[in-house]
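Survey of secondary and tertiary structure
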Amino acid sequence: MNMTRRRFPIVLSTLAVMVTACTSANPGTSTGGAPQAAGTNGTIAIGVGVAQTSNVALLGQEQVAGAKIAEKYFNDKGGINGTPIRLVLQDTAGDEQGAINAFQSLINQGKVAGIVGPTLSQQAFSADPIADRAKVPVIGPSNTAKGIPQIGDFVARVSAPVTVVAPNSVKAALKLNPNIKKVAVFYAQNDAFSKSETEVFQQTVKDQNLELVTVQKFQTTDTDFQTQATAALNLKPDLVIISGLAADGGNLVRQLRELGYQGLIIGGNGLNTSNIFPVCKALCDGVLIAQAYSPETPNDINKAFRDAYVAQYKKEPPQFSAQAFTGIQVFVDALKELDKTAKVTQKPLPDLRVALNQQLLQGKYTTPLGEISFTPEGEIVQKDFYVAQIKMDPDGNNGKFTFLK
Ligand code: 1QQ
């Protein structure tokens, strides 16, 4: 016993010396040593930090699919003027700490030029400041809450904000049913995006002279919505609007229908995935969701992206895949532009990251989302938006998003 107790301090102090020695000997770390060249291993690394596990993977796995299609597409076209890109994937899981860890790993070990991620705005508000302080450009592929580009100079997004996207679905609902008067709103109070989106929905309801009969709150971890659903349905709404994530949102849709609600349902961006189909099955039918992407976007790069996606997944590409593809594309196009004046592979990595951030904000891009550019703050400038309605087969096993005209 005594022996064991005494040995610990010795072992620990030996370890401490080893760790210190390792750190200072590593030229890639930010303290000491020459700055790492950007083109290590003859490739340029681009980080993808999204949710590959947890409930949020229902959204994040579509982002991985889009990013991987982009990696192959751009490398087949010669990468950065001959230098291939290499995606470094790091799972953020579903919470803030996971996103922070993933970003730190991408920045310090992954030696990435920039990061596409994270999945949720809730995660972005914690993880993006870390990249910003390290002067590593971040492109949010799906962060739609108010205030994301304002996190810092190194934060931009290719996901149009809730202020621009959400009102479209309310207008579409009124077109489908001009008799809508009473609206019930639900939102997840533990999620930054859901709180931001519900504000826009509630304002739109008022702007359209509709009556907001109730606002019900839940948690993204909830599975039972009987209390809130019953309270809302007692007020006889003819439109229900939900801001939450995929699993909770899908369950809420199912339980509203099981309780007998027959009116229109609008789902926010967190329900914007066919991964809700196994949750609400046939009862997902009819849900309206605004879209920042249409598979019909008429340009060559969208056609190539769509064909690659359909060949691999046997269905139309979803918005989150298209936005992730676009995030990679912005980095690639900006790197190609920089490479014209000085080889990006020869630049020290810290210099490349800063130059890349400046360059990407200046460009105009023809992407699967259509023509896009950025404001100086990093907000996306995008022209076209859509609304889709979920159409389920009667058995509830298969479904699709049909785009409204
Ligand atoms: C956000 C979102 C998510 C629901 C997308 C995955 O829009 O967190 O901002």
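Structure's up top.
Residues numbered from 1 in each chain as written. Predicted model: local features only at pLDDT ≥ 70, side-chain atom pairs only at ≥ 80, totals over all residues. Heavy atoms only, no water.

Right, let's talk about the packing of aromatic side chains for a bit. Inspection of every chain in the model, using the stated rule, returns eleven aromatic pairs. Look at Phe305 and Phe325: their rings are 5.0 Å apart centre to centre, the planes differ by 50 degrees, and that puts the pair in the tilted class. Here Phe325 lies in helix H11 (residues 319-341) and Phe305 lies in helix H10 (residues 300-313), a separation of 20 residues in the sequence. When sorted by exposure, Phe305 lands in the same class as Phe325, which is buried. Grouped by ring-pair contacts, the aromatic residues Tyr73, Phe74, Tyr293, Phe305, Tyr309, Tyr313 and Phe325 constitute a single cluster. (Phe/Tyr/Trp six-rings, centres within 6.5 Å; stacked < 30°, edge-to-face > 60°. Helix = DSSP H or I, 4+ residues; strand = E, 2+ residues; numbered from the N terminus. Buried < 20%, exposed > 50% of the residue type's maximum accessible area, 1.4 Å probe, protein only.)

Once that is clear, we can look at the site of the ligand. Near the ligand you find 13 residues, and of these Ser121, Ser142, Thr144, Phe193 and Asn269 are the closest. Between the ligand and Ser142, the relevant distance is 3.1 Å, taken from an oxygen atom to a main-chain nitrogen or oxygen of the residue. One nitrogen or oxygen atom from the main chain of Thr144 is found 2.7 Å from an oxygen atom belonging to the ligand. Computed on the free molecule, the ligand has an accessible area of 290 Å², of which 100% lies beneath the protein chains in the complex. When its residues are assigned to classes, the shell around the ligand shows six nonpolar, seven polar and no charged. (Near = heavy atom within 4 Å. Polar contact = N/O pair within 3.5 Å; in protein donor to acceptor, adjacent residues only side chain to side chain. Areas by Shrake-Rupley, 256 points an atom, 1.4 Å probe, with all protein chains shown as cover. Nonpolar A, V, L, I, M, F, W, Y, C, P; charged D, E, K, R; others polar.)

Moving on, we get to H10. Count 3.6 residues to each turn of an α-helix, and residues three or four apart come out pointing the same way. When the terminal C-alpha atoms of H10 are compared, their 20 Å separation across 14 residues agrees well with the 20 Å that a helix rising 1.5 Å per residue should span. If you check which residues of H10 are buried, you get Ile301, Asn302, Phe305 and Tyr309. The buried residues of H10 occupy an angular sector of 95 degrees when the element is viewed end-on, so they sit on one face. Across H10 from its buried face, at more than 90 degrees, point the exposed residues Asp300 and Ala311. Here the buried face of H10 lies against helix H2 (57-76), H11 and strand E11 (364-367). Put simply, Asn299 is the residue that caps the front of H10, since its side-chain oxygen is 3.3 Å from the backbone nitrogen of Ile301. In the segment just after H10, Lys314 is the residue with positive phi, at about 60 degrees. (Expected span 1.5 Å × (residues − 1). Arc of directions from axis to C-beta. Contact = heavy atoms within 4.5 Å.)

As summarised here, the arrangement of the three strands in space is E11-E12-E13, forming an open sheet in which the pairing is antiparallel. Strands at the two margins of the open sheet, each flanked by one partner only, are E11 and strand E13 (380-382). Strand-to-strand twist across the sheet, computed as the mean angle between neighbouring axes with direction ignored, equals 30 degrees. In this sheet, strand E12 (residues 370-374) lies alongside E11 in antiparallel orientation, the contact comprising four bridges. Its bridge partner being in E12, Tyr365 is matched across the sheet by Ile372. Its contacts with the sheet put H11 on E11 and E12, and the angle it makes with E11 is roughly 135 degrees. (Pairing = 2+ DSSP bridges. Axes fitted to C-alpha atoms, helices over the stretch in contact; angles between N-to-C directions.)

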